[in-house]
Amino acid sequence: MMLSASDRAAIRAVADELYTRLLAAGAVPVETEILQPAGPLLDLYGEDIRARAYVTADPGLGEMMLRPDFTVPVVEAHMRDGAEPARYAYMGEVFRRQEDPDARAREYLQVGFEIFDRAAPEADAEVFALFSDLLAPLNLRPATGDIGILMAAVRGLSTSDRRKAALLRHIWRPKRFRALLDRFAGRAAPSPARAALLDRLKSDTPEALIEAAGPLVGLRSPEDIAGRAAALIEDAATPPIAATEAALLYDLLTLQAPSLAALAHLRGIAPMLPAITPAIERFAARLEALKARGVNVETLPFEASHGRTTLEYYDGFVFTLAAADPGLPAVASGGRYDALTAHLGQGGSIPAVGGIIRPELVARLKGAI
Amino acid sequence: MLKIGVPSKGRLMEKTFDWFGARGLSMAKTGNEREYSGRIDGIDGVELVMLSAGEIPRELAAGRIHLGVTGSDLVRDKLAAWRAQVADWQPLGFGHADLVIAVPQAWVDVDTLDDLDAAASAFRAQHGFRLRIATKYHRLVREFLTANGVADYALVDSQGATEGTVKNLTAEAIADITSSGETLRANHLKILPEGLIHQSQATLFLARNADWAPDQTATLTALATRLGLLMPGI
């Protein structure tokens, strides 16, 4: 559906108003280029981003993308020349390639806010409370989660580091995460091909098997293959994740409750999985900070898996504010992305949290378009 | 006129001519042997358009031809949301080929997508870049790997001789069309059993965006009768 020129103007007016209020809340205005080098985005999101971003080429600079989000360039700019603590606000178009010819949002305005500050729970609460306050007249439905608790639970499993790393790597891909967990917990049998390989590795070295399989072509070396074979042998000898621990993780994946009840539930399981205690205490501190800012934490919905599929670089607090119509995307979304600043920061890192608002949806809900 | 696009050369053209011929509609190239024009006899109001099989999806999407014969792999790969743009009216039973993922035979540790994903992760850590998969079927391969949760790979474009890219060190694995697997074996590659992305065959497609005025619809009805097919939904 095409927006009329006057609708676009109305949306920009809504965006301006939101942006002005973010600046009034103490944020420094920042701008980023629309043409972004593709490299950092591909590194971060992998090949999937090509399906979701407009890719183009610069004769000198190589592959470029039309800005699919602000977070990456804002983080890069901050890590390059920002001083901390810092609060930034921005407003501008993002571009999302769409496969569906009827899709609406190929380019749309975003208004965003990012905090780089080491006082973590306070900053989480600040972003959420600020957005809730800005959008209060729209009576949006909040949803929150905390990827950090899930990650802490994985790190706390009594199993090999390799298994933990595999699970952490796929924490944002629920289907593969679940398949890995089922296998590591002994709920799914290894593939017949895997069993056959392990069998052959009992009598032959990996080098002999590689030799027998045919000439090796390509860059993946015999050492790479032998290294993985050794990892498979080690994994086969690793006992399944204890049923009680696996059950706790499955329970955590499906935990969905009002925040205070969720906190009580998590405290109840913490003695069985002590590694999640610091993450639970951060959750508790965040709820205190939210309460101090007037958020009703008795009723604030919490889902341990919230944001696992759509908000991929988040590794702590995550939230969305959505309209009643389930067909509409979230009006606002955001979260904590501490690992991203380390990834893009070339050595440096700083805790960071932020979020974006989609002015078009605000305008629509206000009846301005 | 109802325009039908068919492949302009090779076995795909011959088999298409045979298929229509067996149903009483004779197709033939006209003029000089190198000229791309053709004729269809046995029905009125139909014009034959000779095209490269790779361009038929685009022509269908644009509605410049009403019907077209091409590989189901090409339609799925070249058209976004292909079902909204074309209807697959009838698979024709020839031009069979599988789009598969293939890796070096010596990768004894890689047999499943789970293995491919783990190998890609270790490869990236070891070599500093993502495991490269050479293909010309970007959309199909990416959708397949995303749906199966494979990460840490990069697609590199290869428009031909894809099986050679691994030996030439421009890719670590490939995704390509194969019918017998012979070229893969000759290049020391093996098919990943879980890596079957699409089973392709030549298919008669209908363009939803073409001009379906009463004349063309009437011709389509007559054609459907001659071919012994049910009318497709436009």
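Side chains three or four residues apart in an α-helix point the same way, a direct result of the helix having 3.6 residues per turn. Residue and element names in this part refer to chain A. A large share of helix α16 (residues 359-366) lies buried, amounting to seven of its eight residues. Within α16, the full set of buried residues consists of Pro359, Glu360, Leu361, Val362, Ala363, Arg364 and Leu365. Residues of α16 that are buried sit in contact with α1 (5-24), β6 (107-116) and β12 (352-357). Following α16 by one or two positions, glycine 367 adopts a phi angle in the positive range, close to 80°.

For the rest of this paragraph, the subject is the sheet that holds strand β2 (residues 35-37) of chain A. Residue and element names in this part refer to chain A. Read across the open sheet, the three strands follow the order β2-β4-β3; overall the sheet is antiparallel. Bordering the open sheet on either side are β2 and β3 (55-58), each of which pairs with just one other strand. Shown here is a sheet whose adjacent strand axes are inclined to one another by a mean of 45°, direction ignored. Across three bridges, β2 lies against strand β4 (residues 62-66) in antiparallel orientation. Across the sheet, residue leucine 35 finds its bridge partner in β4, namely leucine 66.

Attention shifts here to the sheet that holds strand β9 (residues 153-157) of chain B. Residue and element names in this part refer to chain B. One open sheet holds the five strands; their spatial order is β9-β8-β10-β7-β11, and the pairing between them is mixed. Unpaired on one side and paired on the other, β9 and β11 (189-200) mark the two borders of the sheet. Averaged over all pairs of adjacent strands, the angle between strand axes in this sheet comes to 25°, irrespective of strand direction. Bridge count between strand β8 (residues 131-135) and strand β10 (residues 173-178): two bridges; the pairing is parallel. Across the sheet, residue isoleucine 133 finds its bridge partner in β10, namely alanine 173. Along the sheet, helix α5 (residues 113-127) makes contact with β8, β9 and β11, crossing β8 at roughly 125°.

Right, let's get into the domain arrangement of chain A. Interface size is commonly expressed as the accessible surface area that is lost when the partners come together. As far as domains go, chain A holds domain 1 (5-30 + 68-153 + 248-366) and domain 2 (189-239). Taking only C-alpha atoms, the centre of domain 1 of chain A and the centre of domain 2 of chain A are 43 Å apart.

Next up on the list: the environment of A:Pro258. Residues and elements named next belong to chain A. With respect to the helices, strands and loops of the structure, proline 258 is situated in strand β8 (residues 256-258). Along the backbone, proline 258 and alanine 339 are 81 residues apart, and their C-alpha atoms lie at a distance of 27 Å. Discounting residues that sit within four places of it in the chain, proline 258 has contacts with Glu298, Thr299, Leu300, Pro301 and Phe302.

Attention now moves to the domain arrangement of chain B. Residues and elements named next belong to chain B. Domain boundaries in chain B define domain 1 (2-96 + 201-227) and domain 2 (97-200). When each unit is reduced to the centre of its C-alpha atoms, the spacing between domain 1 and domain 2 is 32 Å. The partner domain 2 presents nine residues to the eight residues of domain 1 that form the contact. Counting residues per element, the side of domain 1 that touches domain 2 draws most heavily on helix α3 (residues 72-78), which supplies four residues. Class assignment for the residues of the side of domain 1 that touches domain 2 results in no nonpolar, five polar and three charged.

What follows concerns the interface of chain B and chain A. Each partner contributes residues to the interface: chain B has 31 residues there, and chain A has 33 residues. Secondary-structure elements contributing two or more residues to the side of chain B that touches chain A are α5, α6 (138-147) and β9 of chain B. Here the side of chain B that touches chain A gets seven residues from one element, more than from any other, and that element is α5(B). Looking at the side of chain B that touches chain A residue by residue, the class counts come to 17 nonpolar, eight polar and six charged.

Calculation rules
- Residues numbered from 1 in each chain as written.
- Chains lettered and ligands numbered in written order.
- Predicted model: local features only at pLDDT ≥ 70, side-chain atom pairs only at ≥ 80, totals over all residues.
- Buried ≥ 20, exposed ≤ 12 C-beta atoms within 10 Å, placed from the backbone.
- Helix = DSSP H or I, 4+ residues; strand = E, 2+ residues; numbered from the N terminus.
- Contact = placed C-beta atoms within 7 Å.
- Pairing = 2+ DSSP bridges.
- Axes fitted to C-alpha atoms, helices over the stretch in contact; angles between N-to-C directions.
- Domains from an automatic or database assignment.
- Nonpolar A, V, L, I, M, F, W, Y, C, P; charged D, E, K, R; others polar.

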